[in-house]
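Residue-level listing of the chains:
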Amino acid sequence: MVESAGYSLDLIFQALSDPTRRAILKNVSSRERTVTELAKPFRMSLAAVSKHLKILDRARLIHRTRCGSFYYVRLNPEALMSAEQWLARYQKFWQTRLDSLSRLLEKEPE
Amino acid sequence: MKPADTRLCVKKLIKAKRDRVFAAWTTPDLMKQWYAPDEMTVPTASCDLRVGGKYRVEMMGRLMGEQASGTVTGKYIKIIPGELLVFTWRWEGDPSPETVVTVELAEASGGTEVTVTHDRFSSANARNKHEYGWTGCLENLASYWRQNEQRQ
C-alpha cells in the first residue's frame, strides 16, 4: 500500500516537504523553465537551485532535458498523482474500517 | 479529501460509548473483528497497550477480488484511555519509513465521534516542519495538470 506505479512515495513526500522545492514545482507546472529562470525568484545561486532540482529529480517529480548548454525542467505530473493515490487509498481504508467498527459496536448490546 | 496534504482525516459518529470504542481499538479479540478490509480476516492480532509497546495485526483473504495478505505493525506513542491513541504504522516487509495514525474519540450526542488521522511524516520534527504551507500546493498542481490533460 505504499509504493505506487514505480514511484517512491517517500522520496516524493520528502521532496515536497521543502517550500522552495514546492515553489519550483509550481513554476514548472505551467511551462518548461530553464535553471536560470528557476533560480531568479529565490535569490539563490545556481548551485543551490541545482541541489533542489536533484532532489526533485530523484523523486521523479520533474524531467530534466539538456539543449546545448541549457537545462530545461518540466513537471512530471504522474508522480504527483501517485502521491494523491496514497492518500485516496488510505482514505478509503479508514472509511471502510470505521464503517465496520460501527457495525460491530452497534450490533452488540452495551 | 485534501490531496494537498500529506495526512488524511476520516471522521465517523459511532453509536457506542467512548470506552467501548477505545476497547475495540486496543483489544486483540475485538481488533480481529473489524480491522481487515474487504473480504479479508485477521487471523492473529496482538497489542501491548503502553507507550513504546507494540501491536501487530495480520490480515489475510481477498482484496478487490485478489488473494492478498499483509501484516501491519507499530508502536504506541501516546495513550489516553477512552480519548486518544497515537501509534506508528508500517507494513512488515516494506522498507518505507513508518507513518503515524492518530485516533481521537470525542463524546457526541448519540455516541462517539471517531477521528482518524493518518500522517505521512513519522517524526514529530518532520511533522511540525511540514505542518504549514502544505495545503493547496499539491492539489493545485494536480488540478492544473488535469485541466491541461483535458485540453490536449
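The structure we're discussing is the one just above.
Everything quoted here is computed from the prediction, not taken from an experiment.

S.K.: Let's hear about the sheet that holds strand β1 (residues 33-34) of chain A: which residues, and what values?
M.R.: Residue and element names in this part refer to chain A. The 3 strands are arranged β1-β3-β2 in an open sheet whose pairing can be described as antiparallel. Every interior strand has two partners, whereas the edge strands, β1 and β2 (62-67), have only one. Here β1 pairs with strand β3 (residues 70-75) via 2 bridges, running antiparallel. The residue bridging R33 from the neighbouring strand is V73, located in β3. Packing against the sheet, helix α2 (residues 19-30) makes contact with β1, β2 and β3, and its axis sits at approximately 90° to β3. In the packing of helix α4 (residues 46-58) onto the sheet, contacts are made with β2 and β3, and the angle to β2 comes to roughly 120°.

S.K.: Outline the packing of α2(A) against α4(A), supporting the account with residue identities and numerical values.
M.R.: For any two helices packed against each other, the geometry comes down to the angle between their axes and how far apart the axes lie. Residue and element names in this part refer to chain A. Interhelical geometry of α2 versus α4 gives an angle of 75° and a closest axis separation of 10 Å. It follows that α2 is roughly perpendicular to α4 by the angle criterion. Two secondary-structure elements touch here, α2 through T20, R21, I24 and L25 and α4 through H52, I55 and L56. Among the residues making up the contact of α2 with α4, the classes are represented as 4 nonpolar, 2 polar and 1 charged.

S.K.: Can you tell me about the environment of I55(A), naming the residues and giving the values?
M.R.: Residues and elements named next belong to chain A. By the element assignment, I55 lies in helix α4. Measuring from C-alpha to C-alpha, the distance between I55 and L11 comes to 8.2 Å, with 44 residues separating the pair along the chain. Apart from the residues within four sequence positions on either side, I55 is in contact with A15 and R21.

S.K.: Outline unusual backbone geometry, supporting the account with residue identities and numerical values.
M.R.: A positive phi angle, close to 50°, is found at R43(A), a residue other than glycine. Note on placement: R43(A) falls in the loop between α3 (35-39) and α4.

The rules behind these values
Residues numbered from 1 in each chain as written. Chains lettered and ligands numbered in written order. Predicted model: local features only at pLDDT ≥ 70, side-chain atom pairs only at ≥ 80, totals over all residues. Pairing = 2+ DSSP bridges. Helix = DSSP H or I, 4+ residues; strand = E, 2+ residues; numbered from the N terminus. Contact = placed C-beta atoms within 7 Å. Axes fitted to C-alpha atoms, helices over the stretch in contact; angles between N-to-C directions. Parallel < 35°, antiparallel > 145°, perpendicular 65-115°, else oblique. Nonpolar A, V, L, I, M, F, W, Y, C, P; charged D, E, K, R; others polar.

Take it as geometry only, folks, not as evidence of what the structure does.
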